[in-house]
Amino acid sequence: MYEQFDLAEAEPLRGGLRWLVPALVAAAAVSGAILFYLLGQQLYGALFLAGFVAMLVAAFVIDRRGAKRVEAPPLILPDLALVGSAIGLSQDAAAMTGADGTLISVNAAYKSAFGPKPPLELGKGKQAAKAIAALVESAQRDGEASQADVALASGPAAVHVRRAGANSDLLLWHFVGAAPPDMTAVAAKRLSGATGERLAAAGVMAVLVDAKGRLLAANALFGERALGGNALQGKAPLFADLIETSTEGAVRLLTEGSDGRPLRMISIPLEPGTDKGAQTLLMFDWEEGPSLASSSNVQILLEMLPIGLALVDRDGRFLTMNNAFRLAGGIGNAEMPSYPGDLVVKEDKAPVADAVRRNARGPSMSADLPVRLAFQPAEPVAMTVAGLRGLGDAAVLLLLKDNSEEAKLKRQIAQATKMQAVGQLAGGVAHDFNNILTAIIGHCDLMLMRHTPGDTDYDDIQQIKSNSNRAAGLTRQLLAFSRQQTLRPQLLQLPDVISEVSHLLKRLLGETVQLVVKHGRDLGAVRADPGQLEQVIVNLAVNARDAMMSKGGGALTIQTYAVRADQVADLGSEILPVADYSAVSIADTGTGIPANILGKVFEPFFTTKEVGKGTGLGLSTVYGIVKQSGGYIFADSKVGEGTRFTIYLPVHRVEEEKEAGKRVAKKEGEGELWGTGTVLLVEDEPMVRTVAERALTRHGYQVLTANNGEEALEIVERGDEIALLVSDVVMPVMDGPTMVREARKTRPDLPILFMSGYAEEQLRKSIDIANVNFLPKPFSVQELAEAVRKALTAN
């Protein structure tokens, strides 16, 4: 724009000045003719002079004729240099534009406030842009227009627009109140605020001085070290009075004396391109002596840290690393590699090198980079790359953590999630299946009441009931590995359980497998379901037998022993809490389990047997029963030597008097299945309701039935005497617990017996009702009668 001012000042030569060039040419021609005469070439000199005179006459004639023939009107152009000088006198921002808003000339205030933007683009927001466009339209129509408080990029200002130019095709702009902000004040505010705090946190002192060297602002670190913690007050001191300069170029603070730490100072002008005016001075400690990164103190410090750390220089080479980094990176005692990229696989070398280069050269920051180490490419790890400043040659810090335990936990969580999902599926299937089995077993019991062992149908009915019980065992097995089976825990001794199941084990193991049983002393009592615990031992024994079959037989050793709380730490397990345990180990001499399979043996449906010879539920069932009993199970195996499963059950301690009282009460109520009174039976499954109604009627009870919770509440509201309410838990529309809560409002002492195909432990967590009994499905006629009698007796 300012270059156009010089072009506008250029004018054509007028008057005698237009003959200046011909006169110079004539002088050159005369000099040439004289030169020919002096050389004795008079003929050539005369011809040279005559030709020049003829050319000069022809040019004069043509010029005169052209002057007479062409007389163009004078062209009036705006004197842009004059316009620029005029608007430059204004202290406010001013500019001249064309009718379309194109910039022609601006003053210094406009350039400082808005830069190269034309006036039509200065509005802040759509409303301001419309206001400026309206001013242009009014000025072109009326000659001038103005508006106050127009929202501009630099703040609100008054805008005046005037039409100008010989052809009225120019616009003069005047902005009042649009002066640029005071950069010195802005810098002082930032230095005293968050920017100064960040610099202080990095160990950098920062001050702002004016053109005379007076201190205008400083961050807190400089105030603490140079001003004794005092803030700037009154007359600003000279910065030169607060420091002294050494011959090496370092500076020291006078408040710290001659023993103060040397500082390196960097000066940053507030206005780039000039050394005059206000400046920002940055001071940080001058590193002297050997590199801190290679000092023995830093190496000792790194070795004390439990995480892998390494220092890298600006060229991307390793300076030092601790043993934890060597272990995590698979280096061991080998020679330290040259570059970080030497630790990772080929595909990750470029990303690692780029991250190190960015952090070494750019601003200090940190980021996590997923990489695969060369010695362990299958397991990605996280490498943290952080930029360093003020630590000598070290420019980048690398952090590498051995996350094998983290990966192990992730696999365990995934396994637990998978088991939970399968368990939920098994629970839903078992609930519906248990209803069907309840009806089958119940009808078999009712038919057996009408037949004697000599009848022709007696054996068929017994076979149906036997198969139904096997199906019920399958549902219990499904619920066992998902830890949703209903347990009947009792206080028992592990040697007693082993003795009970030893006879069965001898038949299962066969003649080729020798059973060895050893019992320890001082075993504490445990609380578990004896039937489920026997199933655990049988499942482990059967798996051991199959593992020893390929070797032609072997020995199965079952050993029980006590583990005191002070011995738990010696076991080296991070999972087992400190407590007293009664343990049982089952060891075989079979083929063993490979290490890559050992961690999967408790997964549901995982089996190493041939197709059709295993369901994959055996060990998962064992795991579920042990965990639901509050215990822990561990597997240890060596290929070719055998496998050992160890179960730890916590010792359960109770008062002997309470247990004796329970045993006496149990004996007093045994064998009494007949009763009297009215029982309200609520069941949405017709087949289960029919069996339960007939079973209770045969045992002397008067039975009222309801298909759902609403019908049951109607019967309760009638006022009939009800001795016991027997209800299913899960029913449509209104479930059993909701119905019981409503019934207890009018009959708070009404005894309740819940029956369900879901696990009792799961239901009791969601049922917050006191004084209720529970009967799991599937149940026989006798079990139903026993549960009803127990509920009535307890009340």
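Computed from a prediction, not measured in an experiment: that's the story for all the values here.

## Considering the packing of helix α15 (residues 494–509) against helix α16 (residues 530–549)
Point 1. In contact at an axis separation of 10 Å, α15 and α16 are set at 40° when each is read in the N-to-C sense. With respect to α16, the axis of α15 lies oblique. The crossing of α15 and α16 is right-handed. Residues L494, V497, I498, E500, V501, L504, L505, L508 and L509 of α15 form the contact with α16, whose participating residues are L533, E534, I537, V538, A541, V542 and R545.
Point 2. Its residues assigned to classes, the contact of α15 with α16 shows 13 nonpolar, no polar and three charged.

## Quick look at the nonpolar core
Point 1. Counting residues in hydrophobic clusters, the biggest one holds 35 residues, and the most contacted among them are I537, L540, L556, I633 and I647.
Point 2. For this core, the secondary-structure elements that each account for two or more residues are α15, β19 (526–528), α16, β20 (554–563), β21 (581–587), α18 (618–628) and β23 (642–650).
Point 3. Per-element tally for this core: the top contributor is α16, with eight residues.
Point 4. Contact partners of L556, with chain neighbours within four places excluded, come to L509, V513, Q514, L515, V516, A541, A544, M548, I586, A587 and D588.

## A look at helix α6 (residues 126–142)
Point 1. Between its first and last C-alpha atoms α6 spans 24 Å; for 17 residues at 1.5 Å apiece the expected length is 24 Å, and the two agree.
Point 2. Inspection of α6 places A128, A131, I132, L135, V136 and A139 among the buried residues, and these make up the whole buried set. Seen along its axis, α6 keeps its buried residues to an arc of 140°; they face one direction. Those residues of α6 that are exposed and angled more than 90 degrees off the buried face are K126, Q127, K130, E137 and R141.

## A word on the confidence of the model for the chain
Point 1. Put simply, the chain has an average pLDDT of 77, and 74% of its residues get 70 or more.
Point 2. Of the regions scoring below 50 in pLDDT, residues 1–15 engages in 16 contacts with residues more than four places distant in sequence or in other chains.
Point 3. A low-confidence stretch, residues 289–294 (pLDDT under 50), is modelled with 13 contacts involving residues beyond four sequence positions or located in other chains.

## Structural notes on the pairing of β21
Taken residue by residue, a regular strand's side chains alternate between the two faces of the sheet.
Point 1. Most of β21 sits inside the fold, with seven of its seven residues counted as buried.
Point 2. The alternating pattern of β21 places Y581, A583, S585 and A587 on one face and S582, V584 and I586 on the opposite face, and all of these are buried.
Point 3. Where β20 lies against β21, seven bridges are found, and the strand directions are antiparallel. Bridge assignment links V563 to a residue of β21, and that residue is Y581.

## Things to note about the sheet that holds strand β26 (residues 724–728)
Point 1. Spatially, β25-β24-β26-β27-β28 is the arrangement adopted by the five strands of the open sheet, whose pairing is parallel. Edge strands, defined here as strands with exactly one partner in the open sheet, are β25 (702–706) and β28 (772–776). Sheet twist, expressed as the mean angle between neighbouring strand axes with direction ignored, is 20°.
Point 2. Two elements, strand β24 (residues 678–682) and β25, share five bridges in a ladder whose sense is parallel. Opposite T678, over in β25, you have Q702 as the bridge partner.

## Quick notes on the pattern of salt bridges
Pairs can form between side chains of opposite charge whenever their charged atoms are close.
Point 1. Overall, the coordinates contain twelve salt bridges when judged by the stated rule.
Point 2. We note a salt bridge from D348 to R372, for which the minimum N-O separation is 3.8 Å. In this pair, D348 is assigned in helix α12 (residues 346–361) and R372 in strand β14 (residues 366–373), connecting sequence segments 24 residues apart.
Point 3. Overall, the relative accessible area of 13% leaves D348 in the buried class.
Point 4. Between D546 and R545 there is a salt bridge; the shortest N-O distance is 3.2 Å.
Point 5. The exposure class of D546 is partly exposed, given its relative accessible area of 28%.
Point 6. With relative accessibility at 21%, the residue R545 sits in the partly exposed group.
Point 7. Taken together, the salt bridges that share partners define one network made up of E347, D348 and R372.

## With respect to the sheet that holds strand β22 (residues 632–638)
Point 1. In space, the five strands of this open sheet follow the order β18-β20-β21-β23-β22, with mixed pairing throughout. The sheet terminates laterally at β18 (513–519) and β22, the two strands that pair on one side only. When the angles between neighbouring strand axes are averaged without regard to direction, this sheet yields 15°.
Point 2. α15 contacts β18, β20, β21 and β23 of the sheet and is inclined by roughly 175° relative to β18.
Point 3. The sheet strands contacting α16 are β18, β20, β21 and β23, and the helix crosses β20 at an angle near 145°.

Criteria and thresholds
Residues numbered from 1 in each chain as written. Predicted model: local features only at pLDDT ≥ 70, side-chain atom pairs only at ≥ 80, totals over all residues. Heavy atoms only, no water. Axes fitted to C-alpha atoms, helices over the stretch in contact; angles between N-to-C directions. Helix = DSSP H or I, 4+ residues; strand = E, 2+ residues; numbered from the N terminus. Parallel < 35°, antiparallel > 145°, perpendicular 65-115°, else oblique. Left-handed = near helix turned anticlockwise from the far one by under 90°. Contact = heavy atoms within 4.5 Å. Nonpolar A, V, L, I, M, F, W, Y, C, P; charged D, E, K, R; others polar. Core = buried A, V, L, I, M, F, W, Y, C linked by side-chain atoms within 4.5 Å. Buried < 20%, exposed > 50% of the residue type's maximum accessible area, 1.4 Å probe, protein only. Expected span 1.5 Å × (residues − 1). Arc of directions from axis to C-beta. pLDDT = per-residue confidence, 0-100. Pairing = 2+ DSSP bridges. Salt bridge = Lys/Arg side-chain N within 4 Å of Asp/Glu carboxyl O.

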